[in-house]
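Examination of the molecular architecture
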Amino acid sequence: MAIMHWLSSLPNFSAYGTPGYLLVLLIALIPLGIGLYCGKRFDWYEVIISALFLFVMFDGANAPQMISLIGYVIYQTIIVTWYYHYRQQHNQSWVFYLVTLLTLIPLIIVKVSPAMVGHNSLLGFMGISYMTFRATGTVIETRDGMVKDFSWWTFVRFMLFMPTITSGPIDRYRRFAKDYKKVPDREKYMGLVQKGIKYLFLGLLYNFIIDHFFGAVWLPAAEAQAMQYAPHMSWWVVAVMYLYGMHLFFNFAGYSLFAVAFSYFMGVEAPMNFNKPFKSKNIKEFWNRWHMSLSFWFRDYIFMRFVFMATKKKWFKNRNVLSAIAYILDMTIMGFWHGVTWYYILYGFLHGIALAVCDWWGRFKRKHLKKMPHNKITNAIAIFVTFNFVMLTFLLFSGFLNTLWFKGARLL
């Protein structure tokens, strides 16, 4: 109890929460950068610095999360390590499914607890979703024979990789391990540093300047105006829709840029999360540009595996029906992952329907509209339609309609 009281009394610093945090982290990584420039990775210095920054992220008010984090990493390391050694000799499907379920159970408990018991689970901590995807992905790739070499210590460092622990991007174990085994040569490392500096300043622009106006100034004002008409709709809700969508992008993209930048400074090429998503001409392209590490994870481990299994078992005679159901299943599960609430689930379901419709429209055009023009005007129309559909679903995702329609009505 005394230790918990002491931990709770310490100051807490959220990852990338202030420019000062970024500056201190940058200075702390200078010796590591010098080592990489000289062709050496100072492993223990990296471990110490990572541990210190993780400590200040999970002390203070987040002290209970620190205990959960430690227990969680031990739990996942034991499971994944055991399965790797088991897989070298055996490959029974029921063992694979059981181990996969075991890696997912902590996240399932955390996501279901608010809906079931009315409060967050004590198992929860910042980043549990991204860490679970890393652990589960490692198990799946081990089963597929893609993980040829496994080290429990490398796995721990993979799970606790400090730049990406709280907000992603979601990396893959074998890609991460490859970066750690081979220190980049001087030319490549300087290229990573150059890109990292670019992403760092772009993240500062997104997170601390642009998003300040969208998320801290304009959005709260529009929400306050919209609530004046609760539970009825008004044009202020339209303003909330666009402002929230912009806030979500610049806030999340900013954090992702910070994570990638500091990963590069540490000699690890973490995957990018965003690639100009609002230039997408259809919803399928959007999910190839938006939160890419998450969408690709769901594509590879849920969508593709469901399609493969359904094809093998001959569950559907029509492949188009199969792909439509796979899209809806994939995105609905993503909705549940965000939280067990009606607006998250509906958000995922609508995107699944949209992907199925996009697939159908592509087939229809190829068959019946071969002479349909493709030019700047049609591209602009496609981008406009996609952008506004995304904005509408982001309004749903925000939970503001839930507040407007149900909580707002009780305030009257």
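Description of the structure in this document.

Basis of the calculations
Residues numbered from 1 in each chain as written. Predicted model: local features only at pLDDT ≥ 70, side-chain atom pairs only at ≥ 80, totals over all residues. Heavy atoms only, no water. Helix = DSSP H or I, 4+ residues; strand = E, 2+ residues; numbered from the N terminus. Rg over C-alpha atoms; globule rule 2.2 N^0.38 Å. Buried < 20%, exposed > 50% of the residue type's maximum accessible area, 1.4 Å probe, protein only. Contact = heavy atoms within 4.5 Å. Areas by Shrake-Rupley, 256 points an atom, 1.4 Å probe, with all protein chains shown as cover. Lys, Arg positive; Asp, Glu negative; His and termini not counted. Charge placed at Lys NZ, Arg CZ, Asp CG, Glu CD. Patch = residues over 30% accessible without salt bridge, like charges linked within 9 Å, V, L, I, M, F, W, Y side chains within 5 Å. Salt bridge = Lys/Arg side-chain N within 4 Å of Asp/Glu carboxyl O. Polar contact = N/O pair within 3.5 Å; in protein donor to acceptor, adjacent residues only side chain to side chain. Axes fitted to C-alpha atoms, helices over the stretch in contact; angles between N-to-C directions. Parallel < 35°, antiparallel > 145°, perpendicular 65-115°, else oblique. Nonpolar A, V, L, I, M, F, W, Y, C, P; charged D, E, K, R; others polar. Core = buried A, V, L, I, M, F, W, Y, C linked by side-chain atoms within 4.5 Å.

Some details on the overall build of the chain
For the chain, the helix and strand inventory stands at 17 helices and zero strands. Relative to its length of 412 residues, the chain is compact, with a C-alpha radius of gyration of 23 Å against a globular reference of 22 Å. The principal-axis extents of the C-alpha atoms in the chain amount to approximately 60 × 55 × 50 Å. Across the 412 residues of the chain, 49% fall into the buried class. Pairs at least 24 apart in sequence give 74% of the contacts found in the chain among residues at least 6 apart. Here the chain displays about 21400 Å² of accessible surface, and carbon together with sulfur accounts for 68% of that area. In the chain, the 39 positive side-chain charges and the 17 negative ones have mean positions that sit 11 Å from each other.

Brief notes about a nonpolar patch on the surface
Judged by side-chain polarity, Met233, Trp342, Leu346, Phe349, Leu350, Ile353, Val357, Trp360, Trp361, Met372, Trp405 and Phe406 come together as a nonpolar surface patch covering roughly 1000 Å² of accessible area. Those elements that place two or more of their residues in the nonpolar patch are helix 15 (342-368) and helix 17 (400-411). With eight residues, the top contributor of residues to the nonpolar patch is helix 15. Checked against the element boundaries, Phe406 lands in helix 17.

Structural notes on the side chain of Asp171
Relative to the helices and strands, Asp171 is located in the loop between helix 8 (152-159) and helix 9 (173-181). Within the structure, the side chain of Asp171 is placed 2.7 Å from the side chain of Arg175, a separation counted as a polar contact. The residues contacting Asp171, other than those within four sequence positions of it, are Arg134, Phe158, Phe176, Ala270 and Pro271.

Quick look at the environment of Thr81
Examined against the element boundaries, Thr81 turns out to sit in helix 5 (residues 63-87). Between the alpha carbons of Thr81 and Leu346 there is a distance of 37 Å; along the sequence they are 265 residues apart.

Structural notes on the packing of helix 15 against helix 16 (residues 376-398)
Two elements in contact, helix 15 and helix 16, have axes separated by 8 Å at closest approach and are oriented at 160°. Relative to helix 16, the element helix 15 lies roughly antiparallel. Taken together, the residues of helix 16 that come into contact with helix 15 (itself represented by Trp342, Tyr343, Tyr344, Leu346, Tyr347, Leu350, His351 and Ala354) are Phe389, Thr393, Phe394, Leu396 and Phe397. Among the residues forming the contact of helix 15 with helix 16, the class breakdown is 11 nonpolar, two polar and no charged.

Some remarks on the nonpolar core
If you look at the biggest cluster of nonpolar residues, it comprises 118 residues, and the most contacted ones within it are Tyr16, Phe278, Trp287, Trp290 and Phe394. At 19 residues, helix 11 (residues 235-265) tops the list of elements feeding residues into this core. Leaving out residues up to four positions away in the same chain, Phe278 has contacts with Gly245, Met246, Phe249, Phe286, Trp290, Ile383, Phe387, Val390, Met391 and Phe394.

Details of the pattern of salt bridges
Scanning the model with the defined rule gives 15 salt bridges in all. In this structure, Asp359 engages Lys284 in a salt bridge whose closest nitrogen and oxygen atoms are separated by 2.7 Å. Linking Asp359 in helix 15 with Lys284 in helix 12 (residues 283-287), this pair joins segments that are 75 residues apart in sequence. Of the residues examined, Lys284 reaches a relative accessible area of 29% and is grouped as partly exposed. Two residues, Arg363 and Asp359, come together in a salt bridge whose shortest N-O distance is 3.7 Å. One end of the pair is Arg363 and the other is Asp359, both in helix 15 and four residues apart, which spans about a single turn. Using a relative accessible area of 26% as the deciding quantity, one classes Arg363 as partly exposed. Where salt bridges share partners, they join Glu141, Arg172, Arg174, Arg299 and Asp300 into one cluster.

Here's the deal with the side chain of Asp330
The topology assignment puts Asp330 in helix 14 (residues 319-338). No salt bridge is formed by the buried Asp330; the nearest opposite charge belongs to Arg299, separated by 8.5 Å.

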